[in-house]
Amino acid sequence: MKHKLTVLIFAIVAGFFALNVYASGEKEKASESGKKTIGVVHITFNSVFSYNSIIYQSFDASYRKEWKRLSNEHDFNLIEVEGGVAFNSTSMAIRRLIALNVDGILLFQHEPAITRAAVKEAQEAGIPVVVHGIRESDGVSAPYVGFDEYGDSYKLGKNFAEYFKKKNPNSNANVLVLNSRTVKSDIDREKGFTDGFKSLIPGADFIHKYEDTGSATSAREVAEATLRERKDINVIFATSDLRAQGALIALRRYPALSGNKIIVAAIGGSLNALKEVTDPNSPWKGEVALSIKEVADKSYEILKRAIDGDIPLKSNEEFLVKSIVFVDPPVITVERYLKENHGVSLDQNDATR
C-alpha cells in the first residue's frame, strides 16, 4: 500500500514538473520569437454546449478558424483552451494561460459569475482581458465585445412584420415564441424581436406559455403543444436555430397543425438554417446571421489596444458588432455571408459540426 502511495505521489510530482517545463518552454519560445502571445478561452470545442440544463448552439469551429486567420495576419502566437461553463474548468484555463505568460486573454463565457472570477484572476496577474459572450452590468471591469442582440433582433422583427403584412394583409399576427429566458442574450433577442415586430403591427399577440430547454426536441414538443391549443398561430420566432429546427420538425411531421400558413424566423446563421431560408418551399423565411468574422476582428482589435495600453486594464467600454438580417433573401447574399463567416457554401454539410 505504501509502495502504491509513493508511486502515486511521484507521478503527481512528475506531472506537475512536466507541466511547468512545458509552460517554461512556451515562455522561452514566445520570448525568442519576439511575438506577442494571445490566449483564447473558448466555451467549447463542440457544436453545442449545456448551461443550466439549457442546450446552446456553438459556432466555435468557425470562431476558432477566425482566430487562426488573425494569428497569421497579425503574426502573434495563439494559444486556445476550452473553459466550459464551470468555475473550476474556466479557472484552470485562465491559470494555464497565466503560467504560459500570455500578453492578453480573450475570454468567451456564458455565466456572469464565472466571468467576474476569471477576469479578476487574470487582471491580478497583470494580464489584459477582453470578454465576449456575456456581459453583466456590475462586477466586470473589462472591455466587452459582443453582438448587438437587441438591435439586430429589433431589425429582424420589424422586417419580418413587413414581410408578414405583405403576405397576410387582412390577418393579425399571432406569434409563438420559443425561448428559455435564462440568459440575458436570449432575453434581449426576444425583447428586440417583439419590439421591432410591434412597431409595425402593434396588435400582434405574442404567445410564450411554455419554455423549452434549448434542444430541437424540446422546442418541437413546445411547438406541438402550443399549436394544438392555438390554431390561430401564424408566426414562430425562435431565439436560436436549434429551436427553429425543432419547430420545423413539428410543422412537417404534423402539417395539419400549421395549415401551411406559418412562417418562421430565428437567430444564428448556421448553414442548415440558411439552407432553409433560401428554400422557397420552407416556412423558415427570416434569420439574424451572426457576424462571426467581424466579432473576431473586433475582439482582436480591442485586445491589441488593451495590450498596448490604449485601453485601461479595468475599462468598462462596450463594443457591439452588428449582424446580418435576412428576410426571404437572394441566394447570392447568403452565399457571401457563409463564405466570409463559416468558409462554406450552401451545397456543403453543416458548418458547425
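All of the points below concern the structure found in this document. Here the structure is a predicted model, which is why all the values come from computation and not from measurement. (Residues numbered from 1 in each chain as written. Predicted model: local features only at pLDDT ≥ 70, side-chain atom pairs only at ≥ 80, totals over all residues. Heavy atoms only, no water.)

**What to know about the sheet that holds strand β9 (residues 205–207)**
Within the open sheet, the six strands sit side by side as β9-β8-β10-β11-β12-β14. Their pairing is mixed. At either end of the open sheet lies a strand with only one pairing partner, and these are β9 and β14 (324–327). Averaged over all adjacent pairs, the angle separating strand axes in this sheet is 15 degrees, with direction ignored. Direction of pairing for strand β10 (residues 235–238) relative to strand β11 (residues 263–268): parallel, over a ladder of three bridges. When the sheet's bridge partners are listed, Val235 is paired in β11 with Ile263. Against the sheet, helix α7 (residues 216–229) touches β8 (174–178) and β9, its axis set at about 150 degrees to β8. The strands touched by helix α8 (residues 241–253) within the sheet are β8, β10, β11 and β12 (284–289), with β11 carrying the most contacts at an inclination of about 155 degrees. (Pairing = 2+ DSSP bridges. Helix = DSSP H or I, 4+ residues; strand = E, 2+ residues; numbered from the N terminus. Axes fitted to C-alpha atoms, helices over the stretch in contact; angles between N-to-C directions. Contact = heavy atoms within 4.5 Å.)

**Observations regarding the pairing of β12**
A large share of β12 lies buried, amounting to six of its six residues. Two strands pair when backbone bridges link them, and β11 and β12 are joined in this way by five bridges, in the parallel orientation. Bridge pairing in β12 links Ile267 to Val288. On the question of chirality, the crossover connecting β11 to the parallel β12 by way of helix α9 (residues 271–277) is right-handed. (Buried < 20%, exposed > 50% of the residue type's maximum accessible area, 1.4 Å probe, protein only. Right-handed = clockwise from strand over helix to strand, strands pointing away.)

**Side note on the environment of Lys209**
Here Lys209 shows up in the loop between β9 and α7. Its relative accessible area of 56% is what places Lys209 among the exposed residues. On a C-alpha basis, the gap between Lys209 and Thr226 in space is 7.7 Å, while along the polypeptide they are 17 residues apart. Here Tyr210 takes part through its side chain, which lies 3.4 Å from a polar atom of the side chain of Lys209. Separated by 3.3 Å, the side chains of Lys209 and Glu229 make a polar contact. (Polar contact = N/O pair within 3.5 Å; in protein donor to acceptor, adjacent residues only side chain to side chain.)

**A word on the nonpolar core**
Trp67, Val175, Phe193 and Phe197 are the most contacted members of the largest nonpolar core, which has 45 residues in total. With eight residues, the top contributor of residues to this core is helix α10 (residues 292–307). With residues up to four places along the chain from it excluded, the contact list for Trp67 reads Ile38, Val40, Phe76, Leu78, Glu80, Leu106, Ala296, Ser299 and Tyr300. (Core = buried A, V, L, I, M, F, W, Y, C linked by side-chain atoms within 4.5 Å.)

**Here we look at the packing of helix α2 (residues 60–74) against α10**
It is the contact of α2 with α10, at a shortest axis distance of 9 Å, that shows an interaxial angle of 45 degrees. Put simply, α2 runs oblique to α10. Judged by the sense of rotation from one axis to the other, the crossing of α2 with α10 is right-handed. Along its contact with α2, which presents Ser62, Tyr63, Glu66, Trp67, Arg69, Leu70 and His74, the element α10 presents Ile292, Lys293, Val295, Ala296, Asp297, Ser299 and Tyr300. Split by residue class, the contact of α2 with α10 holds seven nonpolar, three polar and four charged. (Parallel < 35°, antiparallel > 145°, perpendicular 65-115°, else oblique. Left-handed = near helix turned anticlockwise from the far one by under 90°. Nonpolar A, V, L, I, M, F, W, Y, C, P; charged D, E, K, R; others polar.)

**Details of the packing of aromatic side chains**
Evaluation of the coordinates by the stated rule reveals 13 aromatic pairs. Taking the centre distance of 5.7 Å and the plane angle of 65 degrees together, the rings of Tyr63 and Phe108 count as edge-to-face. One end of the pair, Tyr63, is in helix α2; the other, Phe108, is in strand β5 (residues 104–108), and 45 residues separate them in sequence. Classification of Tyr63 by relative accessible area gives buried; the value is 3%. Here the aromatic rings of Phe160 and Tyr163 are separated by 6.1 Å at their centres, their planes lie at 20 degrees, and the arrangement is stacked. Here the residue Phe160 and the residue Tyr163 both occupy positions in helix α5 (residues 149–167), the gap between them amounting to three residues, near one helical turn. What makes Phe160 buried here is its relative accessible area of 0%. (Phe/Tyr/Trp six-rings, centres within 6.5 Å; stacked < 30°, edge-to-face > 60°.)

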